[in-house]
Amino acid sequence: MTRNSDSVLSRRKFLIASGATGLAGLAGCTENNTGDSGGDSGGDSGGDSGGDSEGTDSSGDGSNELSGTIDIAGSSTVFPLATAMGERFQSEHSEVNINLQSTGSGGGFANYFCTGQTDFNNASRPIQPDEEEQCASNDVTPVELKVATDALTVVVNNDNDFIGEGLTTEQLQTIFSAESAPTTWADVNSEWPDEEIEIYGPTDASGTYDYFIEAIIGEDGPGHRQDYSATEQDRTIIQGVQGSEYAIGYLGFAYYSESTDSVQAVPIENDAGEFVEPSLDTALSGKYNPLSRPLFTYLARESLAEDHIAEFARYWMENSTSREIVADEVGYVPLGEDEQQEMLDTLNAAIEEAN
């Protein structure tokens, strides 16, 4: 993984071109709009990096130079949002390098964040008690910030015409449960084809996997079936379902929103008995349940003593209500103003404690 790249990739191009590459970065771990970390990158931020870095200026007017490296790992679901925020921040602060990896929520906590190797860990579910213990044993103090709301999306092949109005949560449980583990679609519904179900989904290191168990299978249930194609790369899930008429998979809404011509989203029956398609509006209204969920990033409080890390965290929270970035570009529901203020208060308190 390199810290600089000669090519500039937008988040959208990155997802299409590089979504299945394993470890991923911000256009090659860092995205610099000139391909040169010292060059002019949107505004007058390409000069000397030795200036004063106090305050919260992210205007890119050259009045506040920041420099240093920010290491981020974690959720593949939050990855596109972190990429979009990172690209914008770097365009205003060209001396800041952002190393961004998609490792899964759990993989990020266990292997990077709680061992003290990264400053942020993105997560599509809350940190677990054993992860908090691991962090504490390494003198890492996690600070939780909600960054958006996702609509976890179930997808099938475009030629699938037998599901009809959608799937019930009971049918989803039947398909993905280790206890039932049906072989064919007819095993789920006798009126459906007697054809083998091909299943794609995230690995057990993923917060999406954890949330699906919580919402659909039940934490005290038989567990998620293991005879499926598991991957931490969401583009691979899209490609697998696109390639088979009888495939099914699930992933975060942002990745589906980039692939609406490739696969179709399945309406899911909510607690009111309505079959509802995933969308920003249905997630925000609460109609798309039980598969709407909060998304997080966790910061190491100790890292917030460094100005460039604190300023990036503030920049992310200050833009967390942006429909243009969070909704239109990435495909998630932005925070409301009250939630944003709560997160900023949490962040600012952590920055004070770090200093």
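This text follows the structure it describes.
The structure displayed is predicted, hence computed values, not measured ones.

**Student:** Can you walk me through the layout of surface pockets in this structure?
**Tutor:** Size it by volume and the largest pocket reaches roughly 160 Å³. Lining the largest pocket, in full, are Arg125, Pro126, Gln128, Asp210, Ile213, Glu214 and Glu219. Looking at the lining of the largest pocket residue by residue, the class counts come to two nonpolar, one polar and four charged. Counting the residues that make up the lining of the largest pocket, at least three belong to each of domain 1 (68-149 + 293-354) and domain 2 (151-292).

**Student:** Would you take a moment to explain the packing of helix 3 (residues 105-113) against helix 4 (residues 129-137) for this structure?
**Tutor:** Any two packed helices are characterised by how steeply their axes cross, that is the angle between the axes, and by the distance between the axes. At their nearest, the axes of helix 3 and helix 4 sit 10 Å apart, and the two run at 15° to each other. With respect to helix 4, the axis of helix 3 lies roughly parallel. Considering how the two elements wind past one another, helix 3 and helix 4 form a crossing that is left-handed. Across the interface between the two elements, Gly106, Phe109, Ala110 and Phe113 of helix 3 pack against Glu131, Gln134 and Cys135 of helix 4. The residue inventory of the contact of helix 3 with helix 4, partitioned by class, reads four nonpolar, two polar and one charged.

**Student:** What is the right way to look at the side chain of threonine 149 in this model?
**Tutor:** One can find threonine 149 in strand 4 (residues 142-151). Excluding residues within four positions of it along the chain, threonine 149 makes contact with Arg293, Pro294, Tyr332 and Val333.

**Student:** How should I be thinking about the pattern of salt bridges in this particular structure?
**Tutor:** Here the idea is simple: oppositely charged side chains can pair when their charged atoms come close. According to the stated counting rule, one finds nine salt bridges in the structure shown. Where arginine 314 meets glutamate 311, a salt bridge forms, and the shortest distance between an N and an O atom there is 2.9 Å. Of this pair, arginine 314 and glutamate 311 both sit in helix 10 (residues 307-318), separated by three residues, roughly a single helical turn. The two residues arginine 314 and glutamate 311 agree in class, both being buried. Overlapping salt bridges bring together Arg125, Glu131 and Asp210 as one network.

The rules behind each value
Residues numbered from 1 in each chain as written. Predicted model: local features only at pLDDT ≥ 70, side-chain atom pairs only at ≥ 80, totals over all residues. Heavy atoms only, no water. 1 Å grid on protein atoms, 1.4 Å probe; cavity = no way out; pocket = protein on both sides within 12 Å on 5 of 7 lines; lining within 4 Å. Points joined across faces, edges and corners; volume = space filled by probe spheres on them. Nonpolar A, V, L, I, M, F, W, Y, C, P; charged D, E, K, R; others polar. Domains from an automatic or database assignment. Axes fitted to C-alpha atoms, helices over the stretch in contact; angles between N-to-C directions. Helix = DSSP H or I, 4+ residues; strand = E, 2+ residues; numbered from the N terminus. Parallel < 35°, antiparallel > 145°, perpendicular 65-115°, else oblique. Left-handed = near helix turned anticlockwise from the far one by under 90°. Contact = heavy atoms within 4.5 Å. Salt bridge = Lys/Arg side-chain N within 4 Å of Asp/Glu carboxyl O. Buried < 20%, exposed > 50% of the residue type's maximum accessible area, 1.4 Å probe, protein only.

On their own, these measurements won't tell you what the molecule is for.
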